[in-house]
Amino acid sequence: DGRLTFYPGNLTVDLPFINFMKRYGTVFLNAYTNSPICCPSRAAMWSGLFTHLTESWNNFKGLDPEYVTWMDLMEKHGYRTQKFGKLDYTSGHHSVSNRVEAWTRDVDFLLRQEGRPMVKLTGDRKHVRVMEADWRNTDKAVNWIKEEVINLTQPFVLYLGLNLPHPYPSPYMGENFGSSTFLTSPYWLEKVAYETIKIPKWSSLSEMHPVDYYSSYTKNCTGEFTKQEVRNIRAFYYAMCAETDAMLGEIISALRDTGLLKTTIVIFTADHGELALEHRQFYKMSMYEGSSHVPLLVMGPGVKEQQRVPNVVSLVDMYPTMLDIARIPVPQNLSGYSLIPLLRGKAENEVSPRRPRPSWVLSEFHGCNVNSSTYMLRTGKWKYIAYSDGRSVLPQLFDLTADPDELTNVAIKFPVTVHSLDKMLRSIVNYPKVSASVQEYNKRQFISWKQSLGQNYSNVVANLRWHQDWLKEPKKYENAIDKWL
């Protein structure tokens, strides 16, 4: 959650290396994902293109494996490149559940797809390495810096993808379980200031926007939660962020130990945030700040120190920025804009950029746990969220200055603003047309998957993540799918 990297969010947990980057670099106060879920978000970051252009509609459908990323171009221009850890931007990964739940989101049924969010404490006060896989990848990256980079005569680019802070799998859900367990050790939990944790306000289930209700239900969050449960889930999430920060610290320390820190640009960001029971949801897949607002901190040569940038930026900006750093010509077809002018602390009009940076960012979502294509336009104090064809589902409008917690949808109150923001959104993306093509894609994919299974189809569907609900009335849900088809 990007808000943890600056005041007041960062009061809840000690993040020393994030703070180090703020002191010696630039923090972006309004950085957003272009799609609040792993694969589509990463597809945007690696390609520099909006989701409706990559057509990375869900966690199963990403970039073509042959797609030329910014790292490929940097390698071609003489950089030594290395990737460790989670990449997740090409097609074909994630479970069957993930794609089937995304394809069937237009089916007229409500099924819980996730385990109820819960916390779990492991180990003792000395247990530092909770997320072992991430630590192993961090060690690999550190060793690469200390053993390989130190001897290079060419410039290098290193990518380290961490899984934390991400809820862990919940085995009690069965074979295709979701990830709904917030897991940490006492060592990390002690870094969290419990008394500063805000308990988010919830609207009643009957007052929720219909898409929010669907998300909350499928994420198994419509039941009763005590204040203590909510506080614990948030605290454990913050503790997981503290563990992530320590891994960032290992990289910064390795660069310092090898004398490379002063000549290396370091960028810290995320594919999406975590709601941690804001708006009666956990996970991502939402345009609310907890899910769509990402951290973005940059430090290194030429980067202004102790700078806070208020401009709206997004992950598609990474592609042109990386090419700019490497002095590689930037292609004209990109959705993003180089961050270099902002990082140098120059006003946009002082430099003569190839094209002026727009005053808006776009995020969109087409995957599971949400029963409609969603489009978010953030500009100035406004966040405008449109759904589907723009008519069948009412839009949302939030004034983030007056209402930073996004509790009051003011779309009805400001029809002129809604009209002009919707017009702006349609000039960027013909969203009713995109929504219709996603619906067609979902149906087409589901039919071909169903045919590939033959008679076994119902059995497979019944045992996906929603099996606990499905198995109570399988016929009812099969009929709903038949009706949809």
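Placed above this text is the structure.
Not measured: the values here are computed from a predicted model.

Here we come to the pattern of salt bridges. Inspection of every chain in the model, using the stated rule, returns 21 salt bridges. Across the pair Lys198 and Asp405 runs a salt bridge, and its minimum N-O distance is 3.3 Å. On the criterion of sequence distance, the pair formed by Lys198 in the loop between α7 (186-189) and α8 (210-218) and Asp405 in the loop between β14 (396-399) and α13 (415-428) is long-range, its members being 207 residues apart. Between Arg234 and Glu278 there is a salt bridge, with its nearest N and O atoms 3.2 Å apart. With Arg234 in helix α9 (residues 227-257) and Glu278 in the loop between β7 (266-269) and α10 (289-292), the pair connects residues that are 44 residues apart, well separated along the chain. Classification of Arg234 as buried rests on a relative accessible area of 5%. By sharing partners, the salt bridges in this structure join Asp1, Arg3, Arg234 and Glu278 into a single network.

A separate point is the layout of surface pockets. By volume, the second largest pocket amounts to about 770 Å³. Around the second largest pocket, the lining comprises 26 residues; the ones closest to its centre are Arg3, Pro8, Lys198, Pro404 and Asp405. For the lining of the second largest pocket, the secondary-structure elements that each account for two or more residues are β1 (25-32) and α9. In terms of residue class, the lining of the second largest pocket is built from 12 nonpolar, six polar and eight charged.

Most of β1 sits inside the fold, with eight of its eight residues counted as buried. Both β1 and strand β9 (residues 296-299) contribute to a ladder of three bridges, which runs antiparallel. By the bridge assignment for β9, Thr26 is matched with Val298. The pairing of β1 with strand β10 (residues 307-314) spans six bridges and is classified as parallel. By the bridge assignment for β10, Tyr32 is matched with Ser314. Pairing of β1 with strand β8 (residues 293-294), which is carried by two bridges, proceeds in the antiparallel orientation. Bridge pairing links Tyr32 to His293 in β8.

With that settled, the discussion passes to the pairing of strand β13 (residues 382-387). Taken across its six residues, β13 has six buried, putting it largely inside the fold. Both faces of β13 are covered, namely the face carrying Trp382, Tyr384 and Ala386 and the face carrying Lys383, Ile385 and Tyr387. Count of turn residues in the strand β12 (residues 374-379)/β13 antiparallel hairpin: two residues, of which Gly380 carries a positive phi of about 60 degrees. Across four bridges, the pairing between β13 and β14 is antiparallel. Residue pairing for β14: Ile385 is matched across the bridge by Gln396.

Our next topic: the environment of Tyr457. Following the sequence through the fold, Tyr457 ends up in helix α15 (residues 457-462). Placed 279 residues apart in sequence, Tyr457 and Gly178 show a C-alpha to C-alpha distance of 21 Å. Those residues in contact with Tyr457 that lie beyond four places of it in its chain are Phe446, Trp449, Lys450 and Ile481.

For the structure on display, the rule yields 24 aromatic pairs. Measuring from ring centre to ring centre gives 4.7 Å for Tyr187 and Trp188, while their planes differ by 85 degrees; the resulting arrangement is edge-to-face. A relative accessible area of 27% means that Tyr187 is categorised as partly exposed. Taking 6.2 Å as the distance between ring centres and 45 degrees as the angle between the ring planes, the aromatic pair formed by Tyr213 and Tyr217 counts as tilted. Placement of both Tyr213 and Tyr217 in helix α8 is noted, with a separation of four residues, approximately one turn of the helix. Of the residues examined, Tyr213 reaches a relative accessible area of 28% and is grouped as partly exposed. An aromatic cluster is built from Phe60, Trp103, Phe446, Trp449, Tyr457 and Trp484, whose rings are joined through pairwise contacts.

Time to look at the sheet that holds strand β6 (residues 179-184). Taken together, the three strands give an open sheet; going across it, the order is β3-β6-β5, and neighbouring strands pair in mixed fashion. Edge positions in the sheet fall to β3 (118-121) and β5 (168-169), since each of these pairs with one other strand and no more. Two strands pair when backbone bridges link them, and β5 and β6 are joined in this way by two bridges, in the antiparallel orientation. Bridged to Pro169 within β6 is Ser179. Strand contacts of α9: β3, β5 and β6, with the helix running at about 65 degrees to β6, the strand carrying the most contacts.

All right, on to the packing of helix α6 (residues 132-147) against α9 then. Viewed as axis vectors pointing N to C, α6 and α9 meet at an angle of 10 degrees, and their least axial separation amounts to 9 Å. Between α6 and α9, the angle falls in the class roughly parallel. Contacts between α6 and α9 involve Asp134, Trp135, Thr138, Ala141, Val142, Ile145 and Lys146 from the first element and Glu243, Ala246, Met247, Glu250, Ile251, Ala254, Leu255 and Asp257 from the second. Its residues assigned to classes, the contact of α6 with α9 comprises nine nonpolar, one polar and five charged.

Attention now goes to empty space enclosed by the protein. On inspection of all chains with the given rule, the structure shows three cavities of 30 Å³ or more. Volume-wise, the largest cavity comes out at about 100 Å³. Lining the largest cavity are 14 residues; nearest its centre among them are Asp212, Met285, Ser286, Met287 and Tyr387. For the lining of the largest cavity, the secondary-structure elements that each account for two or more residues are α8 and β13. A total of three residues in the lining of the largest cavity trace back to one element, the largest contributor, which is α8. The class makeup of the residues in the lining of the largest cavity is eight nonpolar, five polar and one charged. Reported here for the second largest cavity is a volume of approximately 70 Å³.

Conventions adopted
Residues numbered from 1 in each chain as written. Predicted model: local features only at pLDDT ≥ 70, side-chain atom pairs only at ≥ 80, totals over all residues. Heavy atoms only, no water. Salt bridge = Lys/Arg side-chain N within 4 Å of Asp/Glu carboxyl O. Helix = DSSP H or I, 4+ residues; strand = E, 2+ residues; numbered from the N terminus. Buried < 20%, exposed > 50% of the residue type's maximum accessible area, 1.4 Å probe, protein only. 1 Å grid on protein atoms, 1.4 Å probe; cavity = no way out; pocket = protein on both sides within 12 Å on 5 of 7 lines; lining within 4 Å. Points joined across faces, edges and corners; volume = space filled by probe spheres on them. Nonpolar A, V, L, I, M, F, W, Y, C, P; charged D, E, K, R; others polar. Pairing = 2+ DSSP bridges. Contact = heavy atoms within 4.5 Å. Phe/Tyr/Trp six-rings, centres within 6.5 Å; stacked < 30°, edge-to-face > 60°. Axes fitted to C-alpha atoms, helices over the stretch in contact; angles between N-to-C directions. Parallel < 35°, antiparallel > 145°, perpendicular 65-115°, else oblique.

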